[in-house]
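One-letter residues, chain by chain:
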Amino acid sequence: MDPEITSLAQSGGAALVTLMATDAWQAAREGFVQLWRRTQPHRAGAVTAELDAVQAEVATAVVADDQEVLSEVRAEWQGRLRRLLVAHPEAAAELRRLLDEIAPRESEAPSAITQRANASGDARVYQAGRDQHINER
């Protein structure tokens, strides 16, 4: 098995399941359906229905914090993507482009901000995650 295909399928499956519970789902769904339409047009309708059904399952699992269901769905779609890429290696470039468009990069994701302050006596502490305007008189 080609490690690059395996890695790409894993990334694709993880992104797909993650995006199912976000506002970006419709764009992601359309991108994955288009991938199947171009490579296996006879399966595109079934894949669309399967994505819609599993998205409802994922939404429920996210609310319930059911990591087992999320892991199972992720593994299922990683396998589907791997089989698609093995049968149609030319689809790897399209899947990479799709992931670049829809999956947020770690470098673009907001980093966690931690603020700590200690004040004593008559000291004042002003903290902000962005702009701060203080008008004291």
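Rules of the game
- Residues numbered from 1 in each chain as written.
- Predicted model: local features only at pLDDT ≥ 70, side-chain atom pairs only at ≥ 80, totals over all residues.
- Heavy atoms only, no water.
- Helix = DSSP H or I, 4+ residues; strand = E, 2+ residues; numbered from the N terminus.
- Buried < 20%, exposed > 50% of the residue type's maximum accessible area, 1.4 Å probe, protein only.
- Contact = heavy atoms within 4.5 Å.
- Areas by Shrake-Rupley, 256 points an atom, 1.4 Å probe, with all protein chains shown as cover.
- Patch = residues over 30% accessible without salt bridge, like charges linked within 9 Å, V, L, I, M, F, W, Y side chains within 5 Å.
- Salt bridge = Lys/Arg side-chain N within 4 Å of Asp/Glu carboxyl O.
- Lys, Arg positive; Asp, Glu negative; His and termini not counted.
- Charge placed at Lys NZ, Arg CZ, Asp CG, Glu CD.
- Polar contact = N/O pair within 3.5 Å; in protein donor to acceptor, adjacent residues only side chain to side chain.
- Axes fitted to C-alpha atoms, helices over the stretch in contact; angles between N-to-C directions.
- Parallel < 35°, antiparallel > 145°, perpendicular 65-115°, else oblique.
- Left-handed = near helix turned anticlockwise from the far one by under 90°.
- Nonpolar A, V, L, I, M, F, W, Y, C, P; charged D, E, K, R; others polar.

Asker: Quick one: what's the story with the overall build of the chain, residue by residue and with numbers?
Answerer: Within the chain, the secondary structure is distributed over five helices and zero strands. If you list the helices and strands of the chain from N to C, you get α-α-α-α-α. The buried share among the 137 residues of the chain stands at 34%. Within the chain, residue pairs in contact and separated by at least 24 positions form 62% of the contacts whose partners lie at least 6 positions apart. If you sum the accessible surface of the chain, you get close to 9100 Å²; carbon and sulfur atoms cover 47% of it.

Asker: With reference to specific residues and values, describe a negative patch on the surface.
Answerer: Taken together, Glu57, Asp65, Asp66, Glu68 and Glu72 make up a surface patch of like negative charges. Its place among the elements puts Asp66 in the loop between α3 (44-64) and α4 (67-87).

Asker: Break down the side chain of Thr48 for me, with residues and values.
Answerer: Note on placement: Thr48 falls in helix α3. Using a relative accessible area of 16% as the deciding quantity, one classes Thr48 as buried. Here Ala44 takes part through its backbone oxygen, which lies 2.8 Å from a polar atom of the side chain of Thr48. Not counting residues within four places of it along the chain, the set of residues in contact with Thr48 comprises Arg29 and Val33.

Asker: Pulling in residues and values, what's your account of the environment of Ala59?
Answerer: Residue position: Ala59 is located in helix α3. Remark: the alpha-carbon pair of Ala59 and Ala21, spanning 38 residues in sequence, is separated by 5.5 Å.

Asker: So what's going on with the environment of Arg96? Residues and values would help.
Answerer: Structurally, the position occupied by Arg96 is in helix α5 (residues 91-102). When the C-alpha positions of Arg96 and Leu8 are compared, they lie 7.5 Å apart, and in sequence the two are 88 residues distant. Not counting chain neighbours up to four residues away, the residues in contact with Arg96 comprise Glu4 and Leu8.

Asker: Break down the packing of helix α1 (residues 3-19) against α4 for me, citing the residues and quoting the values.
Answerer: Running from N to C, α1 and α4 cross one another at 135°; their axes reach a closest spacing of 7 Å. Taken together, the axes of α1 and α4 are oblique relative to one another. For the pair α1 and α4, the sense of crossing is right-handed. Taken together, the residues of α4 that come into contact with α1 (itself represented by Ile5, Thr6, Leu8, Ala9, Gln10, Gly12, Gly13, Ala14, Leu16 and Val17) are Leu70, Val73, Arg74, Trp77, Gln78, Leu81, Arg82, Leu85 and Val86. Per-class residue counts for the contact of α1 with α4 are twelve nonpolar, five polar and two charged.

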